[in-house]
Amino acid sequence: MSQISTMAGVTPAPTGAAVEPRGPRPKPFFTPRKIIIYSILVMFSLYYLFPLYVMFTTSLKTMPEIRFGNIFSLPTAPSFDAWVKAWTSACTGLTCEGLAPGFWNSVKITIPSTIISIFIAAVNGYALINWRFKGSEIFFAILIFGSFIPYQVFLYPLVMITREMGIFGSLQAVIIVHTVFGMPILTLLFRNYFASLPQELFKAARVDGAGFWRIFFEIMLPMSLPIFVVALILQVTGIWNDFLFGVVFAGTQNYPMTVQLNNIVNSAQGTPEYNVNMAATVLTGLVPLAVYFVSGKWFVRGVAAGAVKG
Amino acid sequence: MQNSVSIRDLSLNFGSVKVLQHLDLDIAQGEFIVLLGPSGCGKSTLLNCIAGLLDVSDGQIFIGGKNVTWLEPKDRGIGMVFQSYALYPQMTVERNLSFGLRVAGMKKDEVERRVARAAEILQIEPLLDRKPANLSGGQRQRVAIGRALVRDVDVFLFDEPLSNLDAKLRSDLRVEIKRLHHRLKNTMIYVTHDQIEALTLADRIAVMKNGVIQQLSDPHTIYNKPVNLYVAGFIGSPQMNMFEGTLEGTTFTTADGTVVSVDTYDFAAPSNGPIQAVLGVRPEHIALGEAAAAMPFSIDAEIEIVEPMGSDTLAWTKIGNKAVTFRCDSDVVIETGQMVRIGFDPARGSIFSAETTNRL
Amino acid sequence: MADTALPLEAGAKVNRPSLLKRIILHNLPAKIAALPMMVTVLVVFVGCTLWTIYYSFTNSKLLPTGKFVGIEQYERLFATSRWNVSVTNLITYGVLSLIFTLVVGFILAVLIDQKIRFESAFRTIMLYPFALSFIVTGLVWQWIINPTLGLQGTMRNLGWENFTFDWIANPRMVLYALLIAGLWQGTGFCMVLMLAGLRGVDEEIWKAARIDGIPTWRTYVSIVVPMMRGVMVTAVVIIGSGIVRLYDLVVALTNGGPGISSEVPAKYVYNYMFSGGNIGQGLAAATMMLLSVIIILIPWAYLEFGGKGRRT
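Just so we're clear, the structure is a prediction, and the values are computed from it rather than from any experiment.

Participant: Explain the overall build of chain B here, please?
Facilitator: On a plain count of helices and strands, chain B comes out with nine helices and 20 strands. Principal axes of the C-alpha set define a box for chain B whose edges measure 75 × 45 × 40 Å. Taken across its 360 residues, chain B has 44% of its residues classed as buried. In chain B, 66% of the contacts between residues at least 6 apart in sequence involve partners at least 24 apart.

Participant: What exactly am I supposed to notice about the overall build of chain C here?
Facilitator: The helix and strand tally for chain C stands at 15 helices and zero strands. A globule of 312 residues ought to have a C-alpha radius of gyration of about 20 Å, yet chain C, at 26 Å, is considerably larger. Counting only C-alpha atoms and orienting by the principal axes, one finds that chain C spans roughly 90 × 60 × 30 Å. Scored against the burial criterion, the 312 residues of chain C give a buried share of 43%.

Participant: Just checking my understanding: could you explain the nonpolar core for this structure?
Facilitator: In globular proteins that are soluble, nonpolar side chains generally tend to be buried together. Core analysis: the largest hydrophobic core is formed by 275 residues, its most contacted members being A:Ala280, B:Leu157, B:Ile189, B:Ala206 and C:Ala285. In terms of residues, this core owes the most to one element, helix H7 (residues 171-196) of chain A, which gives 15 residues. Setting aside residues up to four positions removed in sequence, B:Ile189 forms contacts with B:Val5, B:Ile27, B:Ile33, B:Leu35, B:Leu47, B:Ile50, B:Val155 and B:Leu157.

Participant: Help me understand helix H3 (residues 35-55) of chain C, please; the structure alone is not making it clear to me.
Facilitator: The α-helix advances 3.6 residues per turn, and as a result positions three or four apart in sequence lie on the same side. Residues and elements named next belong to chain C. With 21 residues, H3 extends 28 Å from end C-alpha to end C-alpha; this agrees with the ideal 30 Å at 1.5 Å per step. Maximum bend of H3: about 35°, positioned at Gly47. Listed as buried for H3 are Met37, Thr40, Val41, Val44, Phe45, Cys48, Trp51, Thr52 and Tyr55.

Participant: Just checking my understanding: could you explain the sheet that holds strand E2 (residues 17-27) of chain B for this structure?
Facilitator: Residues and elements named next belong to chain B. Strand order in the open sheet formed by four strands is E2-E1-E4-E5, and the pairing between neighbours is antiparallel. Both edges of this open sheet fall to E2 and strand E5 (66-67), since each of them pairs with a single strand only. Across two bridges, strand E4 (residues 58-63) lies against E5 in antiparallel orientation. Each bridged residue has a counterpart across the sheet, and for Ile63 the counterpart in E5 is Lys66.

Participant: Got a minute to help me understand the domain arrangement of chain C in this structure?
Facilitator: By a frequent convention, interface size equals the accessible area lost on bringing the separate parts together. All names here are of chain C. Along its sequence, chain C is carved into domain 1 (20-72) and domain 2 (74-305). Of note, the centres of domain 1 and domain 2, computed from C-alpha atoms alone, are 32 Å apart. It is H3 that provides the largest number of residues to the side of domain 1 that touches domain 2, a total of four residues. When the residues that make up the side of domain 1 that touches domain 2 are grouped by side-chain class, the tally is five nonpolar, seven polar and two charged.

Participant: Got a minute to help me understand unusual backbone geometry in this structure?
Facilitator: Working note: non-glycine residues mostly have negative phi, and peptide bonds are mostly trans. All names here are of chain B. Backbone torsion omega between Ser237 and Pro238 reads 0°, so that peptide bond is classified as cis. Tracing the backbone through its elements, the reader meets Pro238 in the loop between helix H8 (229-234) and strand E11 (241-248). Located in the positive-phi region is Glu160, a residue other than glycine, with phi close to 45°. With 20 C-beta atoms packed within 10 Å, Glu160 lands in the buried category.

Participant: Help me understand the pairing of strand E16 (residues 297-308) of chain B, please; the structure alone is not making it clear to me.
Facilitator: Residue and element names in this part refer to chain B. Bridging between E16 and strand E19 (residues 339-344) involves six bridges; their strand directions are antiparallel. What sits directly across from Ala301, in E19, is Val340. Summarising the sheet, E16 and strand E17 (residues 312-319) pair through five bridges and their orientation is antiparallel. Across the sheet, residue Pro308 finds its bridge partner in E17, namely Thr313. Once E16 ends, the chain turns through three residues before running back antiparallel as E17, passing Gly310 with a positive phi of about 90°.

Participant: Is there a simple way to think about the confidence of the model for chain C in this case?
Facilitator: Detailed reading of predicted coordinates is not advised where the pLDDT is low. All names here are of chain C. Mean pLDDT for chain C: 84, with 92% of residues reaching 70 or above. When pLDDT is averaged over each element of chain C, helix H10 (residues 203-211) comes out on top at 93 and helix H1 (residues 19-25) at the bottom at 74. For this predicted complex, the interface score ipTM comes out at 0.84, while the overall pTM is 0.83.

Participant: What should I look at first to understand the environment of C:Met273 in this one?
Facilitator: Within the element layout of this structure, C:Met273 appears in helix H14 (residues 265-275). Each C-alpha atom of the pair C:Met273 and C:Leu63 lies 9.8 Å from the other, and the pair is 210 residues apart in sequence.

Participant: Can you walk me through the pairing of E17(B) in this structure?
Facilitator: Of the strand pairs in this sheet, E17(B) and strand E18 (residues 322-329) of chain B are connected by eight bridges, and their pairing is antiparallel. For B:Trp316, the partnering residue across the bridge sits in E18(B) and is B:Thr325.

Participant: Please clarify how the sheet that holds E16(B) should be interpreted in this entry.
Facilitator: Think of a sheet as strands paired side by side through backbone hydrogen bonds, with each pair either parallel or antiparallel. If you walk across this open sheet you meet the five strands as E15-E19-E16-E17-E18 (chain B), and the pairing is antiparallel. The open sheet is flanked by strand E15 (287-288) and E18 of chain B, the only strands paired with a single partner.

Participant: Is there a simple way to explain the packing of helix H4 (residues 100-130) of chain A against H7(A) in this structure?
Facilitator: Helix-helix packing is characterised by the crossing angle of the two axes and by the distance between the axes. Residues and elements named next belong to chain A. Close contact between H4 and H7 brings their axes to 6 Å; oriented N to C, the two are set at 35°. Between H4 and H7 lies a crossing whose hand is right-handed. For the contact of H4 with H7, the residue count by class is 19 nonpolar, nine polar and two charged.

Participant: What exactly am I supposed to notice about the environment of B:Ala315 here?
Facilitator: Of note, B:Ala315 is situated in strand E17. Distance from B:Ala315 to B:Glu120, taken between C-alpha atoms, is 47 Å for residues 195 residues apart in sequence.

Participant: Help me understand helix H3 (residues 108-122) of chain B in this model?
Facilitator: Residues and elements named next belong to chain B. When the terminal C-alpha atoms of H3 are compared, their 21 Å separation across 15 residues agrees well with the 21 Å that a helix rising 1.5 Å per residue should span. Burial in H3 covers these residues: Val115, Ala118, Ala119 and Leu122. The buried residues of H3 occupy an angular sector of 100° when projected down its axis, which confines them to one face. In H3, those exposed residues whose orientation departs by more than 90 degrees from the buried face are Asp109, Glu110 and Glu120. Close packing links the buried residues of H3 with helix H2 (93-103) and helix H4 (137-149). Once H3 ends, the next one or two residues include Gln123, with phi positive near 55°.

Participant: What's the story with the packing of H4(A) against helix H12 (residues 257-266) of chain A in this structure? I'm lost.
Facilitator: Residues and elements named next belong to chain A. Relative orientation of the contacting elements H4 and H12 amounts to 155°, with a least axis distance of 7 Å. If you check the angle between H4 and H12, you find them roughly antiparallel. Taken together, the residues of H12 that come into contact with H4 (itself represented by Gly102, Phe103 and Ser106) are Met257, Val259 and Gln260. Its residues placed into classes, the contact of H4 with H12 shows three nonpolar, three polar and no charged.

Participant: For this particular structure, what's the right way to read the environment of B:Ile205?
Facilitator: All names here are of chain B. Tracing the chain through its elements places Ile205 in strand E9 (residues 204-209). Distance in space between the C-alpha atoms of Ile205 and Pro270 is 28 Å, their sequence separation being 65 residues. Among residues more than four places away in sequence, those in contact with Ile205 are Val34, Leu36, Ala198, Ser217, Pro219 and Ile222.

Conventions used here
- Counting restarts for each chain: residues are numbered from 1 in the order of the written sequence.
- Here the convention is simple: chains get letters from A, ligands get numbers from 1, in the order in which they are written.
- Selection of residues for local features in this predicted model requires a pLDDT of at least 70, selection of side-chain atom pairs for listing and counting requires 80 or more, and totals for whole chains, interfaces and linings are taken over all residues.
- Numbering of helices and strands starts at the N terminus; helices are DSSP runs of H or I of at least 4 residues and strands are runs of E of at least 2.
- With C-beta atoms placed from the backbone, a residue is labelled by how many other C-beta atoms lie within 10 Å of its own: buried for 20 or more, exposed for 12 or fewer, partly exposed between the two.
- Remark: residues whose backbone-derived C-beta atoms lie within 7 Å of one another are considered to be in contact.
- We compute the radius of gyration over the C-alpha atoms and compare it with the globule rule, which gives 2.2 Å times the number of residues raised to the power 0.38.
- Put simply, a nonpolar core is buried Ala, Val, Leu, Ile, Met, Phe, Trp, Tyr and Cys residues tied into one set by C-beta atoms within 7 Å.
- Under the convention used throughout, the expected extent of a helix is 1.5 Å for every residue step, that is, one less than its residue count.
- The quantity called bend is, for any residue, the angle between two axes fitted respectively to the seven residues ending at it and the seven beginning at it.
- Two strands qualify as a pair provided DSSP detects at least 2 bridges between them.
- Source of the domain bounds: an automatic or database domain assignment.
- Amino acids outside the nonpolar list (Ala, Val, Leu, Ile, Met, Phe, Trp, Tyr, Cys, Pro) and the charged list (Asp, Glu, Lys, Arg) are all regarded as polar, and Gly is one of them.
- As a per-residue quantity, pLDDT reports the predictor's confidence and falls between 0 and 100.
- Every axis in this analysis is a line fitted to C-alpha atoms, fitted for helices over the stretch in contact. Angles between the N-to-C directions lie between 0 and 180 degrees.
- Handedness of each helix crossing follows the sense of rotation of the near helix against the far helix: counterclockwise by less than a right angle gives left-handed, clockwise gives right-handed.
- Arc definition: it is the arc formed by the directions from the helix axis to the C-beta atoms.
- Throughout this description, any angle smaller than 35 degrees is read as roughly parallel, any larger than 145 degrees as roughly antiparallel, any in the 65 to 115 degree range as roughly perpendicular, and the remainder as oblique.

If you want it as structure tokens, here you go:
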């Protein structure tokens, strides 16, 4: 039991069976398990990819080709005519100026809404964690609770309020609405993020005599880049894709792209031009898709963060 | 009698990183062997390979005489206890213990018998209906051991089981594990970075570094006759005093000129010519006062710092230019600035080749 | 500690700020900064809700000036087949959507968790629909389910004469068309959530299960899934709250048709409020939506927060 054995000179190995197992386990490349897993994943991938394929191919076909009735086929002579038409001359109700105005409206709505809503939420989160005051938590709780209430409950009163303020049917109205409804989740995001930062930095700054805004701009903001990216992705995607607020509050001149898109497709007169419809759909989806592909991992983080409640 | 666990030429590479290199190890039936080393030395990896949780790159593993290199963990006749206990959180203690057995299709009364036996040995009977969240750290660890116990196996594997506990709990549970080993007499392979656990629990210790076993011996040998500089420095707190210098015949001259006669030292082989060497002496082997004068080597030194530790006192001084620590009983009165006689017997020390770091 | 001394206003007689003033002045910059939040909460989340509830008890038509009529609007509501169809549609869609989203999301997450290659490719493919607007989703699927030129037409032209996929024109099947589109968009998100939950399970639990000889599927069922209660609840809450709001997808895919077979409450509210000239009805419908959300939320809130006392 207490022999001093060195690395050499050990007792001989027990004799084994014919094939002496040694080294790594032999693993066949194709196991039933692997085949099943990959087949299911590939099948679902087809389900997810199919609409994208259809969108693109249909938008590049000509109408005669579409009427031929094969949704799987690739365009024989791909052309961007439908895209041009969708952009410049498709009819969105009364006017036939294409999606372009809608695109710029969406830009005009998304950029200010994103900036304002993120800024306010960041300040909120910062105040809630580092500068708690009586009742601050109650406000926050109501904010979160309110985020579950369907928007329809707020619609009419908000219409009345914006009318009173004289901004109903304008960009300002829809921007304010987006800011209001972006507040709960963004504030939650920032609040949780600031709560996870080490408190010592903040305390040291207080001891140094810095005040509310100074600490915010010079200490908190620079440390918050990750969460800003996440918030940016959430808001840009969410606001760009919005339909309800756009159609209610923006006014016909300022309809965002999603509203124009729906008009082009669903309220068209005469025979539908499917290639134009699909082209319009692709164009509307390009911006959020671009954000998605560029942000990659950050998008996933945004999704997961958006899902974290308390 | 065949060995309980044997490892032959085991190697494991993660990509180009050689984690384990050509290891050979024989563990006798009922032995308590400890794999000791710092983080990253490969001890946990080796344990996981024995358990079958990791595939090896080369080599073989035998448990109870059977070649288990390609077998699933459940077929190897092992039970394992993890650092984080890994209890199934949504199950009661009783279910935690019995789940594996029931999944294997064991009969109900056999399951009950085994659970009852494990609960009795580990004294967790009153806890059977609780969930892990309602247990203390020590209780959780006992349940984790219980889960291995019910498997009725010969070999138990422990992966740093006490690292998550506070110091008091650690020493209590350490004793319990030793008692368990006395009672069950199973083979136990225990991984830790804590030398106290290793020295107190092990029949043999395997000190590991960079995937290679540096020394495999009983604790006494490892402590008193470390086989190289690494083992000497790793074991023993406070660390062994190391003197660099030159060895010629039986005379060791330190770098700053102190001459020490080492003819009482038990050399493995006579050395030829003067060589660079390191002389190591443990603080507790350095005597003070009259006892020092009786030693083969003694010298006067001035006390620089005194650290009373309750049970004994640690003192810092210098021999030549080298800082030296030694231990004395807490009743002995010494103070900073005092000149004292200290001495040691080189036979209790260790001499290493500076070039190969091996023991001479 | 952020007290600022305000100059006394002309006419002020106090020489020591009253208790109320001190409470207000304490921590002032934070309160000013949080003003938008407080205003929003009071005006929108509290005020508008109360307004809607109150006016749902009036007979307002084009303008909210009607007089109080008790629950008349609600009686009309429940007598309207359009509303009742909306509600049953939403319940059917909601239950199916919830179940399938959770199941598909979970299965996909488990599959991806099996240490496969191309994980990020699969994840990218499954999640991109979530980045799209409901309008885009609805229109694409509207095209795919087009009876003559979409999938059905294509398959028939290719030889499968009896292939049927005209759900969008079939009152009995149109909800399933909505379901397919909705699942297409939402399952990727659920998968990401579930995957995060799965990955949160300690590696050592898997090791312990393997040593105990528990097969992989059983480990998922008996050990991992019970550990994911938190993620499941989060997923249910988020999917649920999205279901109640179902609007854009319906507008784009079917516009409530054929007939009223795919009407949903959110659309009912909008139609009556803005184009039906009957605000009272719209408000009553909106209040009913509110009620249903509250009925679902209160047990959840109690489970989450009631047991442990109030959470901050």
